[in-house]
Amino acid sequence: MENNDDLQNIEKAIEAINKLCSRCSVCTPECHVAAAKRAMEALRYDLQQSYNE
């Protein structure tokens, strides 16, 4: 059950990050919002992989 809670919390965090995004015409790697989104998406992927093992 904890695994599902972790993934749900990550999804909520990604949704919150998406609300912060200003949808700039050019997204730069230096953008703090983009960096946070990449980090959370990487964490989601890593957790999904570890749960599937």
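Residues numbered from 1 in each chain as written. Predicted model: local features only at pLDDT ≥ 70, side-chain atom pairs only at ≥ 80, totals over all residues. Heavy atoms only, no water.

### Re the overall build of the protein
Secondary structure assignment for the protein yields two helices and zero strands. Taking the principal axes of its C-alpha atoms as reference, the protein extends roughly 40 × 20 × 15 Å. Accessible surface, the protein as shown: approximately 4,300 Å² in total, 53% of it carbon and sulfur. Separation of charge centres in the protein, based on 6 positive and 9 negative side chains, amounts to 11 Å. (Helix = DSSP H or I, 4+ residues; strand = E, 2+ residues; numbered from the N terminus. Areas by Shrake-Rupley, 256 points an atom, 1.4 Å probe, with all protein chains shown as cover. Lys, Arg positive; Asp, Glu negative; His and termini not counted. Charge placed at Lys NZ, Arg CZ, Asp CG, Glu CD.)

### Comments concerning the nonpolar core
Counting residues in hydrophobic clusters, the biggest one holds six residues: Leu7, Ile10, Ile14, Ile17, Met40 and Leu47. If you tally residues by element for this core, the top one is helix 1 (residues 2-20), at four residues. Once residues lying within four places of it in the same chain are set aside, the contact partners of isoleucine 14 are Met40, Glu41 and Arg44. (Core = buried A, V, L, I, M, F, W, Y, C linked by side-chain atoms within 4.5 Å. Buried < 20%, exposed > 50% of the residue type's maximum accessible area, 1.4 Å probe, protein only. Contact = heavy atoms within 4.5 Å.)

### Topic: the environment of asparagine 9
The topology assignment puts asparagine 9 in helix 1. Placed 42 residues apart in sequence, asparagine 9 and tyrosine 51 show a C-alpha to C-alpha distance of 15 Å.

### Some details on helix 2 (residues 32-52)
In this model helix 2 runs 30 Å from its N-terminal to its C-terminal C-alpha over 21 residues, within 8% of the 30 Å that 1.5 Å per residue would give. Among the residues of helix 2, those classed as buried are Ala34, Met40 and Leu47. Seen along its axis, helix 2 keeps its buried residues to an arc of 155 degrees; they face one direction. (Expected span 1.5 Å × (residues − 1). Arc of directions from axis to C-beta.)

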